[in-house]
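Chain residues, written in single-letter form:
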Amino acid sequence: MIGALPMWQRVLKRAVDIGIALCGLLLLAPLLLSIALLVLLGSGIPILHREQRIGQFGRPFTLRKFRTLKRGSATVSSITQQNDPRITRVGRFLRH
């Protein structure tokens, strides 16, 4: 449906999308920085967990999320139980 729009409308839509995303990111920045600091103080670095996923049209992309498991434990099994000992204190809060 988007491909049927004239070029100027596609450019305008893209600019509005980017503008809204930037405003949302600016509003959420204090919360994201606070979470990053809690993860850093609670379980050290790395703060983010990176994982390859398959996206639209089968294209791979890198998913980034705050780390909720202890370092090195994500390679064992990515399936966790409710009281899994690998989950950090901050991770329990984030998962809740």
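In this report, the structure presented in the accompanying data block is examined. (Residues numbered from 1 in each chain as written. Predicted model: local features only at pLDDT ≥ 70, side-chain atom pairs only at ≥ 80, totals over all residues. Heavy atoms only, no water.)

Quick look at the pairing of strand β2 (residues 60–66)
A regular strand places its side chains on the two faces of the sheet in alternate fashion. Applicable threshold: Note on pairing: two strands pair once DSSP finds at least 2 bridges between them. Secondary structure elements follow DSSP: runs of H or I no shorter than four residues count as helices, runs of E no shorter than two count as strands, and numbering proceeds from the N terminus.
One ladder, built from 7 bridges, connects strand β1 (residues 48–54) with β2; its direction is antiparallel. Bridge pairing in β2 places Arg50 opposite Arg64. Connecting β1 to the antiparallel partner β2 that follows it, the hairpin turn spans 5 residues, and Phe57 within it adopts a positive phi of roughly 60°.

Side note on the pattern of salt bridges
The criterion, for reference: When a carboxyl oxygen of Asp or Glu is within 4 Å of a side-chain nitrogen of Lys or Arg, the pair counts as a salt bridge. Type-normalised accessible area, obtained with a 1.4 Å probe on protein chains alone, sets the label of each residue: buried when under 20%, exposed when over 50%, and partly exposed for intermediate values.
Applying the stated criterion across every chain, the model contains 3 salt bridges. In this structure, the salt-bridge partner of Glu51 is Arg53, at a minimum N-O distance of 2.9 Å. On the basis of relative accessibility, which here comes to 26%, the residue Glu51 falls in the partly exposed class. The residue Asp84 makes a salt bridge to Arg86 at a minimum N-O spacing of 2.8 Å. Under the relative-accessibility criterion, Asp84 is labelled buried at 9%.

Details of a nonpolar patch on the surface
Selection rule: A patch consists of residues whose relative accessible area exceeds 30% and which take part in no salt bridge; residues with like charges are grouped when within 9 Å of each other, and nonpolar side chains (Val, Leu, Ile, Met, Phe, Trp, Tyr) when within 5 Å. Every accessible area reported is derived by Shrake-Rupley at a probe size of 1.4 Å, with residue values counting cover from the shown protein chains alone.
Where nonpolar side chains cluster on the molecular surface, the patch consists of Ile18, Leu22, Leu25, Leu28, Leu31 and Leu32 and spans about 530 Å² of accessible area. Structurally, the position occupied by Leu32 is in helix α1 (residues 7–43). Taking relative accessible area as the criterion, Leu32 reaches 33% and is therefore assigned partly exposed.

Some points on a positive patch on the surface
Using the following cut-off: When charges are counted, Lys and Arg contribute as positive and Asp and Glu as negative, whereas His and the chain ends are disregarded. By convention, the point assigned to a charge is CZ for Arg, NZ for Lys, CD for Glu and CG for Asp.
On the surface, Lys65, Lys70, Arg92 and Arg95 cluster together into a patch of positive charge. Residue position: Lys65 is located in strand β2.

What about the environment of Phe57?
Structurally, the position occupied by Phe57 is in the loop between β1 and β2. With 25 residues separating them along the chain, Phe57 and Gln82 place their C-alpha atoms 33 Å apart.

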